[in-house]
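Letter by letter, the chains look like this.
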Amino acid sequence: METMIEFQHICKSYGTQVVLNDFQLSIEKGAFVTMIGSSGCGKTTALKLINGLLIPDEGTIRIEGTDIQTMDQNVLRRNIGYAIQGSVLFPHMSVEQNIAYVPSLLNRRDRQRTRDAVDQWMKIVHLPQELKDRYPWELSGGQQQRVGIARALAASPDILLMDEPFGAVDSITRTQLQKEIKAIHEDSGITIVFVTHDINEALYLGTRVLVMDQGAIQQYDTPDQIRSRPATDFVRQLISGQQQAAG
Ligand SMILES: Nc1ncnc2c1ncn2[C@@H]1O[C@H](COP(=O)(O)OP(=O)(O)O)[C@@H](O)[C@H]1O
Ligand SMILES: [Mg+2]
């Protein structure tokens, strides 16, 4: 299997606080990695290191073998979709303008192609076409989240980073969005790194689940292995929480 993203000996501190210490992780092309762990353990930090929003103090991050520090940062970010919790939409832009933001920058001369792309992405995330001209404040939380995902996907990135993207929506919408993102992953072969604090979500979505605690990897395994062979007490506790939730 080809490696898409690689963390090599990554150290990252904020002031005197060490968040990641000699962090090593290899993510296969086409994987759906769900990242779960205690609050403040460094999940968001790890995600932002992938798209260059943060720079490691030590170590190297490679995408398809290339050290991202040697890449044009605009090219890097264009290739990586980033969706986070809550509305990150441009408030003064319509749904269509929000989704088209990246493609229209890339091909300003081809308006029809941009419009077609917006239609296509709205369909994929199950947004009715009649919402196209609405502004973010005229949408429900779930719809805003869908627009955010459509926008992140609209640039056809190779990698999609999602930081607790469904944290703020109700549980029915959440279940629908989970199904949609899982289907999008299966159809597109895109590599997804998805942070969540919900073990059920992590086990349902992930082809690989990364369990972190205090900057250290507790286990990085398939959902089945996480369930049947928890590597540490921390993982065992997470799983027992999951069984309670299920039962
Ligand atoms: N910009 C920052 N300046 C100082 N400390 C930060 C900053 N960003 C995050 N931290 C701290 O680093 C730790 C890891 O943060 P983060 O990666 O956001 O954790 P997680 O996403 O797992 O909850 C936390 O203790 C957080 O308070
Ligand atoms: Mg976070």
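Residues numbered from 1 in each chain as written. Chains lettered and ligands numbered in written order. Predicted model: local features only at pLDDT ≥ 70, side-chain atom pairs only at ≥ 80, totals over all residues. Heavy atoms only, no water.

As recorded in an unreviewed UniProt entry, the protein goes by the name ABC transporter ATP-binding protein, listed as coming from Amedibacillus dolichus.

J.: When you look at the packing of aromatic side chains in this model, what are you seeing that I'm missing?
T.: Think of a pair of aromatic rings as described by two things: how far the centres are apart, and how the planes are tilted against each other in angle. Summed over all chains, the structure comprises five aromatic pairs. Taking 5.9 Å as the distance between ring centres and 50° as the angle between the ring planes, the aromatic pair formed by Phe 32 and Phe 194 counts as tilted. In this pair, Phe 32 sits in strand S3 (residues 32-37) while Phe 194 sits in strand S8 (residues 191-195), placing the two residues 162 residues apart along the sequence. Phe 194 carries the same exposure label as Phe 32, and that label is buried. (Phe/Tyr/Trp six-rings, centres within 6.5 Å; stacked < 30°, edge-to-face > 60°. Helix = DSSP H or I, 4+ residues; strand = E, 2+ residues; numbered from the N terminus. Buried < 20%, exposed > 50% of the residue type's maximum accessible area, 1.4 Å probe, protein only.)

J.: Please clarify how the sheet that holds S3 should be interpreted in this entry.
T.: Note: strands within a sheet are paired through backbone hydrogen bonds, in either parallel or antiparallel orientation. With mixed pairing, six strands are arranged side by side in an open sheet as S6-S7-S8-S3-S9-S10. Of all strands in the sheet, those bounded by a partner on one side alone are strand S6 (80-84) and strand S10 (216-221). Between one strand axis and the next, the sheet turns by 15° as a mean value, whatever way the strands run. Two elements, strand S7 (residues 159-163) and S8, share five bridges in a ladder whose sense is parallel. Each residue of the ladder has a partner; that of Ile 159, found in S8, is Thr 191. Lying over the sheet, helix H1 (residues 43-50) contacts S3, S6, S7, S8 and strand S9 (208-213), oriented at roughly 155° with respect to S7. Together, S3, S7 and S8 form the strand contacts of helix H6 (residues 171-188), whose direction differs from that of S3 by roughly 140°. (Pairing = 2+ DSSP bridges. Axes fitted to C-alpha atoms, helices over the stretch in contact; angles between N-to-C directions. Contact = heavy atoms within 4.5 Å.)

J.: Explanation requested: the packing of helix H5 (residues 141-154) against H6 in the structure shown.
T.: Helix packing for two helices is described by the angle between their axes and how far apart those axes are. It is at 11 Å that the axes of H5 and H6 come closest, and there the two elements cross at 15°. Considering their axes alone, H5 and H6 lie roughly parallel with respect to each other. For H5 against H6, the interelement crossing comes out right-handed. Residues Gly 142, Gln 145, Arg 146, Ile 149 and Leu 153 of H5 touch H6, and the partners they reach there are Thr 173, Gln 176, Leu 177, Glu 180, Ile 181 and Ile 184. A class-by-class count of the residues in the contact of H5 with H6 yields five nonpolar, four polar and two charged. (Parallel < 35°, antiparallel > 145°, perpendicular 65-115°, else oblique. Left-handed = near helix turned anticlockwise from the far one by under 90°. Nonpolar A, V, L, I, M, F, W, Y, C, P; charged D, E, K, R; others polar.)

J.: Mind showing me how you'd approach the site of ligand 1 here?
T.: In the neighbourhood of ligand 1, the contacting residues comprise Tyr 14, Gln 17, Val 19, Ser 39, Gly 40, Cys 41, Gly 42, Lys 43, Thr 44 and Thr 45. Here an oxygen atom of ligand 1 and a side-chain polar atom of Gln 17 are 2.9 Å apart. When ligand 1 is considered free in solution it has 560 Å² of accessible area, and contact with the protein chains removes 58% of it. The set of elements that each furnish at least two residues to the shell around ligand 1 consists of strand S2 (17-28) and H1. For the shell around ligand 1, the element with the highest residue contribution is H1, accounting for three residues. For the shell around ligand 1, the class distribution of residues is three nonpolar, six polar and one charged. (Near = heavy atom within 4 Å. Polar contact = N/O pair within 3.5 Å; in protein donor to acceptor, adjacent residues only side chain to side chain. Areas by Shrake-Rupley, 256 points an atom, 1.4 Å probe, with all protein chains shown as cover.)

J.: Whenever I open this one, empty space enclosed by the protein confuses me. Can you help?
T.: Any space left empty among the atoms is revealed by the rolling of a water-sized probe across them. Taken as a whole and judged by the stated rule, the model has two cavities of 30 Å³ or more. Looking at the largest cavity, its volume works out to about 60 Å³. What lines the largest cavity is Leu 49, Gly 52, Leu 54, Ile 55, Pro 56, Ile 61, Ile 68, Gln 69 and Gln 73. Partitioned by chemical class, the residues of the lining of the largest cavity number six nonpolar, three polar and no charged. (1 Å grid on protein atoms, 1.4 Å probe; cavity = no way out; pocket = protein on both sides within 12 Å on 5 of 7 lines; lining within 4 Å. Points joined across faces, edges and corners; volume = space filled by probe spheres on them.)

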